[in-house]
Amino acid sequence: DTMLAPFFWAIGGESKLNCSLVRNEDLNSQWGYALECEVMEIAELRQSEAKDRRALENALKPIIAAPPEYLSINRKGLHPYQALNRVFVVAFSNERAAISIPSDDRRWFCVWSDAGRLPEPDALALWQWYQTGGGFAAVADYLAKLNVSAFNPAATPPMTEAKAIMIDQGRSMAESYLIDLISNRLGEFASGVIASPFFPLCDRLAGGAPSGVKIPPAALLHALREAGWTDCGRIHSREFATKKQIYAAPELAGKPMPELRRLVEEIPAAKLVSVK
C-alpha cells in the first residue's frame, strides 16, 4: 500500500477522487459505482472456498481487460448505463493463492514480496516525505515523464515466480491429482489419448484418487488443458462410425484423425493408479 500510494495520489489526488477502493466481499455487488473510476483497488483479494473456485476469476475477467468495451453501471433508483471500460485493477493480498487462474492467463501480472514489515521510524519518515516533503509530487512527476512507448498493452504479462506459484496452489486437489497423472502419462493417460464418454472415465479415476477427492468432468477437462493436451473434437472414421470426443497429448495431436480414432479403440483397460 505504501509503495503504490504515490500512484493513487497521481491519479486521484489527496481524496483519491478517480480511484475506488473495493473490499473483497463486495466484488459481486450488483452496484457498479467502483467501475466509474479509472483505477480500482481491491483490498485483500482472496477467493472463497466455494464449490466454483473460478467464480471470482470469471467475475473479474470483463473488468480487467477489454473487450468488452463497455461495462454496465447499476445505480440505486436510476436506470443503468454503459460506461467505457477503462478500469485499471490493482489487487493486494497476503495469500499466495489469492485467486485461481489458468496457466494460459493473459490478464494478471503477479508480484510477491518477502520483505518484512517496514520499521515504524522508516514508515513515518517515508510518509512525512510523501505528505510534506513533496514526495507524492516527485513520484508523480517521475511516472509522468517515464518513457513507456515500447509497452504493448495487448501482450501477455510476463510469467513470474509469483504467478507460477499462484497457478499451482490455486488448483483443486482433483485438478492437481489429474495433472500429475496426465503429465507423467500414468494409468488412463498412458497411451496419450482419451475419449468420451468422460463420466465413466472420471469414475475410474476417482477409484485411485486420494480419499475424499471427487473427479468431476470439469476438473478433468481443465487438467487436460493445463497439461497441454489438445481437444481434437468428435471424431469418427470409416472403420468406426460412432463419434467420440478425443483429447490427445501434444506429440500426438497432429496425427491423422482416423489414426487417433483407431488408437482410442486399441487402448487396453487401464489399471487404477493411486498417487500420493
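Heads up: the structure comes first, above all this text.
Residues numbered from 1 in each chain as written. Predicted model: local features only at pLDDT ≥ 70, side-chain atom pairs only at ≥ 80, totals over all residues. Heavy atoms only, no water.

A. How the structure looks around helix H7 (residues 198-207). Considered for burial, the residues of H7 that qualify are Phe-198, Leu-201, Cys-202 and Leu-205. Considered in projection along H7, the buried side chains sweep an arc of 100 degrees and stay on one side of the axis. Turned more than 90 degrees away from the buried face of H7, the exposed residues are Phe-199, Asp-203 and Gly-207. For H7, the elements touching its buried residues are helix H6 (173-183), strand E6 (193-195), helix H8 (217-226) and strand E8 (244-248). (Buried < 20%, exposed > 50% of the residue type's maximum accessible area, 1.4 Å probe, protein only. Helix = DSSP H or I, 4+ residues; strand = E, 2+ residues; numbered from the N terminus. Arc of directions from axis to C-beta. Contact = heavy atoms within 4.5 Å.)

B. Expanded view of the packing of aromatic side chains. This model, assessed by the stated rule, comprises nine aromatic pairs. Taking 5.5 Å as the distance between ring centres and 10 degrees as the angle between the ring planes, the aromatic pair formed by Trp-9 and Phe-136 counts as stacked. Taken together, the residues span a long stretch of sequence, with Trp-9 in helix H1 (residues 5-12) and Phe-136 in helix H4 (residues 135-145) at a distance of 127 residues. Among the aromatic residues, ring-to-ring pairing joins Trp-9, Trp-127, Trp-129, Tyr-130 and Phe-136 into one connected group. Between Lys-16 and the ring centre of Phe-8, over which it is positioned, the NZ or CZ distance is 4.7 Å. (Phe/Tyr/Trp six-rings, centres within 6.5 Å; stacked < 30°, edge-to-face > 60°. Lys NZ or Arg CZ within 6 Å of the ring centre and 35° of its normal.)

C. Expanded view of the pairing of strand E4 (residues 78-84). Sheet topology note: the strand E3 (residues 70-75)/E4 ladder contains five bridges and is antiparallel. Across the sheet, the residue bridging to Ser-72 is Gln-82, located in E4. Joining the antiparallel neighbours E3 and E4 is a turn of two residues, in which Gly-77 adopts a positive phi near 75 degrees. (Pairing = 2+ DSSP bridges.)

D. Quick look at the packing of H1 against H4. Between H1 and H4, whose axes approach to 9 Å, the crossing angle comes to 80 degrees. As summarised for this structure, H1 and H4 are arranged roughly perpendicular, according to the angle between their axes. Together, Ala-5, Pro-6, Phe-7, Trp-9 and Ala-10 of H1 and Phe-136, Ala-137, Val-139, Ala-140 and Leu-143 of H4 make up the contact between the two elements. Across the contact of H1 with H4, the residue classes tally to 10 nonpolar, no polar and no charged. (Axes fitted to C-alpha atoms, helices over the stretch in contact; angles between N-to-C directions. Parallel < 35°, antiparallel > 145°, perpendicular 65-115°, else oblique. Nonpolar A, V, L, I, M, F, W, Y, C, P; charged D, E, K, R; others polar.)

E. Examining the side chain of Asp-105 more closely. Counting through the fold element by element, Asp-105 comes out in the loop between strand E5 (88-91) and helix H3 (120-132). Of the polar contacts made by the side chain of Asp-105, one reaches the backbone nitrogen of Trp-108; its length is 2.8 Å. Here Lys-163 takes part through its side chain, which lies 2.9 Å from a polar atom of the side chain of Asp-105. Excluding residues within four positions of it along the chain, Asp-105 makes contact with Thr-156 and Lys-163. (Polar contact = N/O pair within 3.5 Å; in protein donor to acceptor, adjacent residues only side chain to side chain.)

F. A look at the sheet that holds E5. Strand order in the open sheet formed by three strands is E1-E2-E5, with parallel pairing between adjacent strands. Each edge of the open sheet is held by one strand with a lone partner, namely strand E1 (19-23) and E5. Within this sheet the neighbouring strands show an average axis-to-axis angle of 25 degrees, counted without direction. Lying on the sheet, H1 is in contact with E1, strand E2 (39-43) and E5; it crosses E2 at an angle near 145 degrees.

G. Just the environment of Gly-228, in detail. Summarising the element assignment, Gly-228 is placed in the loop between H8 and strand E7 (230-235). Sequence-wise, Gly-228 and Asp-104 are 124 residues apart; in three dimensions their C-alpha atoms are separated by 10.0 Å.

H. Main features of the sheet that holds E8. Strand order in the open sheet made by the three strands is E6-E8-E7, with antiparallel pairing throughout. One side of each edge strand has no neighbouring strand; the edge strands of this open sheet are E6 and E7. Ignoring strand direction, the axes of neighbouring strands in this sheet form an average angle of 20 degrees. One ladder, built from four bridges, connects E7 with E8; its direction is antiparallel. Along E8, the bridge assignment pairs Arg-234 with Gln-245. Docked against the sheet, helix H9 (residues 257-265) engages E6, E7 and E8, running at close to 95 degrees with respect to E8.

I. Representation of H1 within the structure. When we look at burial in H1, the residues that qualify are Ala-5, Pro-6, Phe-8 and Gly-12. Mapping the buried residues of H1 onto a view down its axis gives an arc of 160 degrees, with all of them on the same face. Contacts from the buried residues of H1 go to E1, E2, E5, H3 and H4. Immediately beyond the C-terminal end of H1, within one or two residues, lies Gly-13, with a positive phi of roughly 75 degrees.

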